[in-house]
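Topology and contacts: notes
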Amino acid sequence: MPSPVISATGLWTPPHSISNEELVASYNAWAENWNRENEAEIKSGMTEPKPMSSVEFIEKASGIKARYVVDKDGVLDPDIMAPRIGERPNEQISILAEMAVHAARDALKRAGRDAKDVDAVICAASNMQRAYPAMAIEVQEALGIEGFAFDMNVACSSATFGIQTAADFIRAGNARSVLVVNPEICSGHLNFTDRDSHFIFGDVATAILVEDEAMAPKAHWKILGTKLKTQFSNNIRNNFGFLNRAAPEGIGAPDKLFVQEGRKVFKEVVPMVAEMITEHSAELGIPAAELKRMWLHQANANMNRLISSKVLGHEASEAESPTVLDTYANTSSAGSIIAFHKHSADFKPGERGLICSFGAGYSAGTVFVEKAG
């Protein structure tokens, strides 16, 4: 049976970064305007004033200090408070596909692989910009790849679900080289007028090249085991979809953007993920002490700190559980892949690590890897 490995990863970062200071200034200006315009209702007790945000609040709640975005001006304009990304004609590559192509080319270059050698493309991300044709097929066309392609959405866990799917294709003999891309414009579904979540997300694209070990470059990552888990929850939700037009009374409501019950998510996801990692490592016979590094989903620094301490038995150092959350913020499916991409070059052959993602659904995925070369 063919053995699937990770040959390389790729990363594309937008050119614009927004600091917490910039974001807070924009939000507070919007909140002050809103409170002024609704002063009468606030005084009468009919509505609550919008609270102010602060850099201290954001960093204590999340560990985030900045985020990259595709459009900065619209997000920071108190009269807009949303990215402004123009529609493109059908003849031009769409923006999410373009981002994915950039990340894919980076991964292919690092693996020394030509796109024509790839058999399949999986676009695994939280938000697709259209229902059809699939983003993955557009990426396939742009790169000149034959074979097949499709989209899949498992929210923040999409990348690890994509890795297992690609690995299964290789084990079954349906493909020898599979490109998994994770383009995320999370700023598009973030409510920048919600003080409790306006700082959470950023934009980025990552790619993972999963291949049969027989054709992989010498320096690759053995996939020791993958495990997926889902458990239904309404605590992270986005109700935007094609049926919105059938219920016009709900158009523009807050639930058509990202909404979450943050405290419930923290309380329920942390033990679920820690237990899943521990169980999977036991199944594979890999003690936590043998893990050089855990590349966890980058949603919240406090969550990662607690998960890693439950798994390792002590608070993880930056080397054991690196963070990219401070500069990238939460990039949904791409977060753990960014951490892996940026913090894995120091591994020696035989050293092991864990890629782990978790998020809405609830969903979670673990991928144990070992450096070869």
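Our structure is the block above this text.
Nothing here was measured: the structure is a model prediction, and the numbers come from that model. (Residues numbered from 1 in each chain as written. Predicted model: local features only at pLDDT ≥ 70, side-chain atom pairs only at ≥ 80, totals over all residues. Heavy atoms only, no water.)

On to the overall build of the protein, then. Summing up its helical and strand segments, the protein has 11 helices and 13 strands in all. By the compact-globule yardstick of 21 Å for 373 residues, the protein fits well, its C-alpha radius of gyration being 21 Å. Principal-axis analysis of the C-alpha atoms gives the protein an extent of 70 × 55 × 35 Å. The contacts in the protein between residues at least 6 apart in sequence include a share of 78% that link residues at least 24 apart. Treating the 36 positive side-chain charges of the protein as one cloud and the 47 negative ones as another, the clouds have centres 4 Å apart. (Helix = DSSP H or I, 4+ residues; strand = E, 2+ residues; numbered from the N terminus. Rg over C-alpha atoms; globule rule 2.2 N^0.38 Å. Contact = heavy atoms within 4.5 Å. Lys, Arg positive; Asp, Glu negative; His and termini not counted. Charge placed at Lys NZ, Arg CZ, Asp CG, Glu CD.)

To continue, consider the pattern of salt bridges. In total, this model carries 18 salt bridges according to the counting rule given. The partner of Lys116 in a salt bridge is Asp114, and the shortest N-O contact between them spans 3.5 Å. Under the relative-accessibility criterion, Lys116 is labelled exposed at 61%. Here Lys227 ties to Glu283 by a salt bridge, and the two come within 3.3 Å at their closest N and O atoms. A residue pair is termed long-range when its members are at least 10 positions apart, and Lys227 in strand 8 (residues 220-230) and Glu283 in helix 8 (residues 262-284) qualify at 56 residues. The exposure class of Glu283 is exposed, given its relative accessible area of 52%. Within the structure, one salt-bridge network assembled from shared partners comprises Lys292, Arg293, Asp346 and Glu351. (Salt bridge = Lys/Arg side-chain N within 4 Å of Asp/Glu carboxyl O. Buried < 20%, exposed > 50% of the residue type's maximum accessible area, 1.4 Å probe, protein only.)

This part takes up the packing of helix 1 (residues 20-37) against helix 3 (residues 55-62). Interhelical geometry of helix 1 versus helix 3 gives an angle of 120° and a closest axis separation of 9 Å. Considered as vectors, helix 1 and helix 3 are oriented oblique to each other. As for how helix 1 packs across helix 3, the hand of that crossing is right-handed. Residues Asn20, Glu21 and Val24 of helix 1 pack against Val55, Ile58 and Glu59 of helix 3. Each residue belonging to the contact of helix 1 with helix 3 can be placed in one class, and the counts come to 3 nonpolar, 1 polar and 2 charged. (Axes fitted to C-alpha atoms, helices over the stretch in contact; angles between N-to-C directions. Parallel < 35°, antiparallel > 145°, perpendicular 65-115°, else oblique. Left-handed = near helix turned anticlockwise from the far one by under 90°. Nonpolar A, V, L, I, M, F, W, Y, C, P; charged D, E, K, R; others polar.)

Moving on: helix 8. In this model, helix 8 (23 residues) spans 32 Å end to end at C-alpha, consistent with the 33 Å of a helix rising 1.5 Å per residue. Turning to helix 8, its buried residues are Val265, Val269, Val270, Met272, Val273, Ala274, Met276, Ile277, His280 and Ser281. After helix 8 finishes, the residue Gly285 shows a positive phi value of roughly 70°. (Expected span 1.5 Å × (residues − 1).)

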